[in-house]
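Chain by chain, the residues:
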Amino acid sequence: MSETEQFGPYEIPGIGLGTLRRNDDEGVALVEAALAEGYRHVDTAEYYGNEVAVGKGIARSSVPREDIWLTTKILHPKAPRPPDVRTAAEASLRRLGVDYVDALLIHWPNDHAPLAESLEVFAALREEGLTRTIGVSNFPTALLDEAASLVDGLVTNQVEYHVYLDQSEVLDAVRGHGMVLTAHTPLARGEVLDDPVLAEIAAGRGMTIAQVALRWLVQQERVIAIPGGDPEHVDQLRDNLAVLELSLDDEEMAQISHLARTRRIVDGAHAPVWD
Ligand SMILES: NC(=O)c1ccc[n+]([C@@H]2O[C@H](COP(=O)([O-])OP(=O)(O)OC[C@H]3O[C@@H](n4cnc5c(N)ncnc54)[C@H](OP(=O)(O)O)[C@@H]3O)[C@@H](O)[C@H]2O)c1
């Protein structure tokens, strides 16, 4: 495992900063703190209502914009319906205060935004340089295959993935399409932190439990993770980024893979039928 995943000419940092629920001043402070700690990958979305804060954090930091992999997502089914896809994407860029994003994703499969039409606009935005890459989020394998048949070069499928959720089918599909899997909710919102198997491995390695859980993800081929952070817990931000320099052996990886893996946290009425 390297510290980045290669996608065409791009190196995507293996750990990114999740910004969900960090809005306004807290969002600005989180992004600024994470960039100061060495993060070079930030994840946001129109639906989070924090693109302005994320943009301010980037602008305030001393890290040049071009050194940061910035992802945003549009077309959340619960967000107000935009007049059209292009308008939604341009509004995100405006709120972020940037000329381009590195990845623009369809946040969820969305009945109000037909896939072929959305991807056509996404591809045009990529062509025009408003986004360097395009991708999807929360796509089960059948929909992912459909998306990949409609447009070339999808970068990622951002899906819930952690030690308590088996995503092997999605992962196989993502790899088959030459994409990267971005693990959202990678700590299962903290549920993994009391796990006795992870605790034992952590104690043996001198790692924290969160580090073991994140390391298990990023050690897998074509997997990157975006743990959420808190500007009040810079130590955790630092620990999470440091997993890129740690390692687990094959037996530890296998032990974790044998945990019960049926827990899905991010679900709801708008969710598709999962694999
Ligand atoms: N595409 C999608 O539909 C989608 C859906 C959900 C999330 N996401 C993305 O995924 C990101 C991560 O998800 P998430 O924030 O909901 O869940 P998460 O990453 O599983 O959990 C984040 C929480 O875990 C705790 N934590 C983080 N590092 C820790 C450490 N080293 N030690 C102990 N506790 C630690 C913190 O809780 P405390 O703050 O309580 O300390 C933090 O808020 C989001 O921010 C968002 O960018 C995407």
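### Digging into the packing of aromatic side chains
Turning to step 1, where the next piece is worked out: Tallied over the full model, the rule gives three aromatic pairs.
Turning to step 2, where the next piece is worked out: Between Arg-65 and the ring centre of Tyr-100, over which it is positioned, the NZ or CZ distance is 4.1 Å.
Turning to step 3, where the next piece is worked out: Sitting above the plane of the Trp-274 ring, Arg-264 keeps its charged end 4.0 Å from the centroid.

### Notes on helix H5 (residues 141-150)
Turning to step 1, where the next piece is worked out: Regarding H5, the residues found buried are Thr-141, Leu-144 and Ala-147. Take H5 and look down its axis: the buried residues cluster within an arc of 120°, on one side only. The exposed set on the far side of H5, more than 90 degrees from its buried face, consists of Ala-142 and Ser-149.
Turning to step 2, where the next piece is worked out: In the core, the buried residues of H5 are packed alongside helix H4 (115-127), strand S7 (131-137), strand S8 (154-160) and helix H6 (168-176).

### A short note on the site of the ligand
Turning to step 1, where the next piece is worked out: Near the ligand, the surroundings consist of 28 residues, among which Asp-43, Asn-138, Leu-187, Arg-189 and Asn-240 are the closest.
Turning to step 2, where the next piece is worked out: Side-chain polar atom of Tyr-48 to a nitrogen atom of the ligand: 3.3 Å apart, as the coordinates give it.
Turning to step 3, where the next piece is worked out: In the shell around the ligand, the residues fall into ten nonpolar, twelve polar and six charged.

### Re the sheet that holds strand S6 (residues 101-106)
Turning to step 1, where the next piece is worked out: Sheet architecture is open: eight strands sit in the order S3-S4-S5-S6-S7-S8-S9-S10, paired in parallel fashion. Each end of this open sheet is capped by a strand with a single partner; those strands are strand S3 (17-18) and strand S10 (223-225).
Turning to step 2, where the next piece is worked out: By the bridge criterion, two bridges tie S3 to strand S4 (residues 41-43) in an arrangement that is parallel. The partner of Gly-18 across the bridge, within S4, is Asp-43.
Turning to step 3, where the next piece is worked out: On the sheet, helix H8 (residues 209-218) packs against strand S9 (180-184) and S10 and is oriented at approximately 145° with respect to S10.

### A short note on the nonpolar core
Turning to step 1, where the next piece is worked out: Val-163, Leu-181, Leu-198 and Ile-256 are the most contacted members of the largest nonpolar core, which has 73 residues in total.
Turning to step 2, where the next piece is worked out: The element contributing the most residues to this core is H8, with eight residues.
Turning to step 3, where the next piece is worked out: With sequence-adjacent residues up to four places away left out, Leu-198 is seen in contact with Val-163, Val-192, Ile-209, Val-212, Ala-213, Ile-256 and Leu-259.
Turning to step 4, where the next piece is worked out: Among the nonpolar cores identified, the runner-up in size contains eight residues, and Ile-12, Trp-69, Ala-103 and Val-180 belong to it.

### A word on the environment of Ile-12
Turning to step 1, where the next piece is worked out: Along the polypeptide, Ile-12 turns up in strand S2 (residues 10-13).
Turning to step 2, where the next piece is worked out: Placed 150 residues apart in sequence, Ile-12 and His-162 show a C-alpha to C-alpha distance of 19 Å.
Turning to step 3, where the next piece is worked out: Dropping the residues within four chain positions of it, Ile-12 is found in contact with Glu-3, Thr-4, Glu-5, Phe-7, His-41, Trp-69, Val-155, Val-180 and Ile-224.

### Side note on unusual backbone geometry
Turning to step 1, where the next piece is worked out: The backbone of Asp-24 shows a phi angle near 50°, a positive value even though the residue is not glycine.
Turning to step 2, where the next piece is worked out: Residue placement: Asp-24 occurs in helix H1 (residues 24-37).
Turning to step 3, where the next piece is worked out: Look at Asp-24 and you get exposed, because its relative accessible area is 56%.
Turning to step 4, where the next piece is worked out: With a phi angle near 50°, Ala-188 is a residue other than glycine that sits in the positive phi range.
Turning to step 5, where the next piece is worked out: Taking relative accessible area as the criterion, Ala-188 reaches 0% and is therefore assigned buried.

### Details of the packing of H4 against H5
Turning to step 1, where the next piece is worked out: Running from N to C, H4 and H5 cross one another at 50°; their axes reach a closest spacing of 10 Å. Taken together, H4 and H5 sit at an angle that is classed as oblique. Like other packed secondary-structure pairs, H4 and H5 cross with a definite hand, here right-handed. Residues Leu-115, Ala-116 and Leu-119 of H4 lie in contact with H5, whose contacting residues are Leu-143, Glu-146, Ala-147 and Leu-150.

### Side note on the pairing of S2
Turning to step 1, where the next piece is worked out: As defined by bridge partners, strand S1 (residues 4-7) adjoins S2 across four bridges and the pair is classed as antiparallel. Paired with Thr-4 across the bridge in S2 is Pro-13.
Turning to step 2, where the next piece is worked out: The antiparallel pairing of S1 with S2 creates a hairpin that spans two residues between the two strands, and Gly-8 there sits at a positive phi of about 55°.

### A few points about the pattern of salt bridges
Turning to step 1, where the next piece is worked out: Per the stated rule, a full pass over the model turns up 14 salt bridges.
Turning to step 2, where the next piece is worked out: In this structure, Arg-238 engages Glu-37 in a salt bridge whose closest nitrogen and oxygen atoms are separated by 2.9 Å. Separated by 201 residues along the polypeptide, Arg-238 in helix H9 (residues 234-242) and Glu-37 in helix H1 bring together distant segments of the chain.
Turning to step 3, where the next piece is worked out: The exposure class assigned to Arg-238 is partly exposed, which follows from its relative accessible area of 46%.
Turning to step 4, where the next piece is worked out: Among the ionic pairs, Arg-86 bridges to Glu-128, the shortest N-O distance being 2.8 Å. With Arg-86 in helix H3 (residues 85-96) and Glu-128 in the loop between H4 and S7, this residue pair connects regions lying 42 residues apart in the sequence.
Turning to step 5, where the next piece is worked out: Under the relative-accessibility criterion, Glu-128 is labelled partly exposed at 45%.
Turning to step 6, where the next piece is worked out: Residues participating in the shared-partner salt-bridge network are Arg-22, Glu-26 and Asp-230.

Quick notes on the rules
- Residues numbered from 1 in each chain as written.
- Predicted model: local features only at pLDDT ≥ 70, side-chain atom pairs only at ≥ 80, totals over all residues.
- Heavy atoms only, no water.
- Phe/Tyr/Trp six-rings, centres within 6.5 Å; stacked < 30°, edge-to-face > 60°.
- Lys NZ or Arg CZ within 6 Å of the ring centre and 35° of its normal.
- Buried < 20%, exposed > 50% of the residue type's maximum accessible area, 1.4 Å probe, protein only.
- Helix = DSSP H or I, 4+ residues; strand = E, 2+ residues; numbered from the N terminus.
- Arc of directions from axis to C-beta.
- Contact = heavy atoms within 4.5 Å.
- Near = heavy atom within 4 Å.
- Polar contact = N/O pair within 3.5 Å; in protein donor to acceptor, adjacent residues only side chain to side chain.
- Nonpolar A, V, L, I, M, F, W, Y, C, P; charged D, E, K, R; others polar.
- Pairing = 2+ DSSP bridges.
- Axes fitted to C-alpha atoms, helices over the stretch in contact; angles between N-to-C directions.
- Core = buried A, V, L, I, M, F, W, Y, C linked by side-chain atoms within 4.5 Å.
- Parallel < 35°, antiparallel > 145°, perpendicular 65-115°, else oblique.
- Left-handed = near helix turned anticlockwise from the far one by under 90°.
- Salt bridge = Lys/Arg side-chain N within 4 Å of Asp/Glu carboxyl O.

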